[in-house]
Amino acid sequence: MQRVDHVIGERLSTDVPLVREVAQYIISAGGKRLRPALLLLVSGALGCEDPDRHTLAAVVEFIHTATLLHDDVVDESTLRRGRETANERFGNAASVLVGDFLYSRAFQMMVDVNQMRVMQVLSEATNVIAEGEVLQLMNMHDASLDEAAYLRVIRSKTAKLFEASARLAPILAGAPAEVEELCATYGQALGTAFQVIDDVLDYEGDAELLGKNLGDDLREGKVTLPVICALRQGTEAQNTLIRQAIEHGDVAHLDEILNIIRQTGALDMARQSAMAEAQRAIDAAQQLPANRYREALLQLAAGLQERRS
């Protein structure tokens, strides 16, 4: 990971001071670096020591960071990881344009690796992520959204880059197609579980630990799995209150809605759904070669139950 951070620092070089300032601001914000770590762990599990793994780990972090910049503009977010979002600090225009810079720099770097299959995986992932963003935008303030539609969004918007990160390692290792698919399954399932837990924490987490405001999803009109589960279990009066909040972005009754979501068991149901995905990841990882890297992949999936930030 130190080597990846070194590559990130090198490839953020630009003659345009504002680009460098905004990019450094968001990349240095203390993110989990989960996607690059995933690529390196799968590489280790497969015994792959190709130096291009550090470049590609930096690429997936750049793509992820670009999506965060664009996300925060679309969502009009003011807080991420406990500090001002880039759009709040530098303005929407700078955030969008620096996001574009990071996307294009990522594509320059993947071209340097000079493997067509790598470029196919990353270009497809970037396209699917963009589709997921638009799907989410179309679903805003739609209280009729069901679990299948919700999963389609998070598998596109979040899980796709996890899947791509896990898939790149077997490509670099020259592993057989069935191993590539196992790694991709692990990544997709882990990313899905990660996002479901993220959505649970928006209703039960600690705002200080999360580094964002509780109830932001409701405020933005996003229908996530805890809300979908609460609507399944709630009374007509409770459902009316939740629907009004979703449709109008009205958080005047946020405390009451938080109580409904807790009382209906919606958070436990959503966590169970996340754990089913985590188990799917574990089942895939157990078929990889037995070594300390595989153990770390298994612990990563199992540890999602304890995630609080």
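The rules behind these values
- Residues numbered from 1 in each chain as written.
- Predicted model: local features only at pLDDT ≥ 70, side-chain atom pairs only at ≥ 80, totals over all residues.
- Heavy atoms only, no water.
- Helix = DSSP H or I, 4+ residues; strand = E, 2+ residues; numbered from the N terminus.
- Rg over C-alpha atoms; globule rule 2.2 N^0.38 Å.
- Buried < 20%, exposed > 50% of the residue type's maximum accessible area, 1.4 Å probe, protein only.
- Contact = heavy atoms within 4.5 Å.
- Lys, Arg positive; Asp, Glu negative; His and termini not counted.
- Charge placed at Lys NZ, Arg CZ, Asp CG, Glu CD.
- Phe/Tyr/Trp six-rings, centres within 6.5 Å; stacked < 30°, edge-to-face > 60°.
- Lys NZ or Arg CZ within 6 Å of the ring centre and 35° of its normal.
- 1 Å grid on protein atoms, 1.4 Å probe; cavity = no way out; pocket = protein on both sides within 12 Å on 5 of 7 lines; lining within 4 Å.
- Points joined across faces, edges and corners; volume = space filled by probe spheres on them.
- Nonpolar A, V, L, I, M, F, W, Y, C, P; charged D, E, K, R; others polar.
- Salt bridge = Lys/Arg side-chain N within 4 Å of Asp/Glu carboxyl O.
- pLDDT = per-residue confidence, 0-100.
- Expected span 1.5 Å × (residues − 1).
- Bend = angle between axes of the 7 residues up to and from the residue.
- Polar contact = N/O pair within 3.5 Å; in protein donor to acceptor, adjacent residues only side chain to side chain.

Q: How do you make sense of the overall build of the protein chain when you look at a structure like this?
A: Counting its regular elements, the protein chain contains 16 helices and two strands. What you see for the protein chain is a C-alpha radius of gyration of 19 Å, in line with the 19 Å of a compact globule of 309 residues. Counting only C-alpha atoms and orienting by the principal axes, one finds that the protein chain spans roughly 60 × 45 × 30 Å. Split into buried and exposed, the 309 residues of the protein chain put 56% on the buried side. When contacts within the protein chain are restricted to residue pairs at least 6 apart in sequence, those whose partners lie at least 24 apart make up 76%. Of the side-chain charges in the protein chain, 30 are positive and 45 negative, and the distance between the mean point of each set is 4 Å.

Q: Hey, could you run me through the packing of aromatic side chains in this one?
A: Aromatic ring pairs are reported here in terms of the distance separating the ring centres and the angle at which the planes meet. If you walk through the whole model with that rule in mind, you get two aromatic pairs. Each ring, one from Y25 and one from F90, has its centre 5.4 Å from the other, and the planes form 80°; the classification is edge-to-face. Within this pair, whereas Y25 is found in helix α2 (residues 17–27), its partner F90 is found in helix α5 (residues 86–90), the two being separated by 65 residues in sequence. What makes Y25 buried here is its relative accessible area of 9%. A centroid spacing of 5.6 Å and a plane angle of 40° characterise the contact between F162 and F194, whose relative ring orientation is tilted. Remark: F194 occurs in helix α9 (residues 177–204) and F162 occurs in helix α8 (residues 147–173); sequence separation between them is 32 residues. F194 carries the same exposure label as F162, and that label is buried. The residue whose ring lies beneath R83 is Y25, and the NZ or CZ to ring-centre distance is 3.9 Å.

Q: Could you clarify how one ought to interpret empty space enclosed by the protein in this entry?
A: To find leftover empty space, one rolls a probe the size of a water molecule over the atoms. Counting across every chain of the model gives two cavities of 30 Å³ or more. Approximately 70 Å³ is the volume attributed to the largest cavity. Taken together, Y25, I26, A29, D72, R80, R81, R83, E84, T85 and A86 make up the lining of the largest cavity. Contributing elements (two or more residues each) for the lining of the largest cavity: α2 and β2 (83–84). Split by residue class, the lining of the largest cavity holds four nonpolar, one polar and five charged. Counted as a void, the second largest cavity has a volume near 40 Å³. If you trace the second largest cavity, you find it lined by I26, I27, G31, R33, E61, H64, T65, L68 and R81.

Q: Mind showing me how you'd approach the pattern of salt bridges here?
A: Two side chains bearing opposite charge may form a pair once their charged atoms approach each other closely. Summed over all chains, the structure comprises 20 salt bridges. Ionic pairing is found between R232 and E147, a salt bridge with its closest N-O pair at 2.5 Å. Note that R232 is positioned in helix α12 (residues 225–233) and E147 in helix α8, a separation of 85 residues in sequence. According to the relative accessible area criterion, R232 is partly exposed, its value standing at 48%. Classification of E147 by relative accessible area gives partly exposed; the value is 25%. The shortest N-O distance in the salt bridge between R167 and E181 comes to 2.8 Å. A residue pair is termed long-range when its members are at least 10 positions apart, and R167 in helix α8 and E181 in helix α9 qualify at 14 residues. Classification of R167 by relative accessible area gives buried; the value is 11%.

Q: What is the right way to read the environment of C48 from this model?
A: On the secondary structure map, C48 appears in the loop between α3 (34–45) and α4 (52–75). The class of C48 is buried, set by a relative accessible area of 8%. The spacing of C48 and P170 is 122 residues in sequence and 8.0 Å in space, taken between C-alpha atoms. Those residues within four positions of C48 in sequence are excluded, and the remaining contacts are S43, R53, A169, L172 and A173.

Q: Would you take a moment to explain the confidence of the model for the protein chain for this structure?
A: The predicted coordinates ought not to be read in detail in places where the model reports low pLDDT. Averaged over the protein chain, the pLDDT score is 93; the fraction of residues at 70 or greater is 96%. Confidence, expressed as mean pLDDT per element, reaches its minimum in the protein chain at helix α10 (residues 207–210) with 57 and its maximum at α3 with 98.

Q: Just to check I follow, could you spell out α8 for this structure?
A: The periodicity of an α-helix, 3.6 residues per turn, causes residues three or four places apart in sequence to face the same way. For α8, built from 27 residues, the straight-helix expectation of 39 Å at 1.5 Å per residue is met to within 8% by its first-to-last C-alpha distance of 36 Å. Of all the bends in α8, the greatest, near 55°, is centred on A159. Once α8 ends, the next one or two residues include G174, with phi positive near 65°.

Q: Would you mind showing me how to read the layout of surface pockets here?
A: Considered as a void within the structure, the second largest pocket measures approximately 230 Å³ in volume. In terms of lining residues, the second largest pocket is bounded by 14 residues, among which H70, D71, V74, A130 and E133 are the most central. The set of elements that each furnish at least two residues to the lining of the second largest pocket consists of α4, α6 (92–113) and α7 (116–139). Per element, the largest residue contribution to the lining of the second largest pocket is six residues, and it comes from α4. Partitioned by chemical class, the residues of the lining of the second largest pocket number eight nonpolar, three polar and three charged.

Q: Hey, could you run me through the side chain of D216 in this one?
A: Checked against the element boundaries, D216 lands in helix α11 (residues 216–219). A distance of 2.5 Å separates the side chain of D216 from the side chain of R219, its partner in a polar contact.

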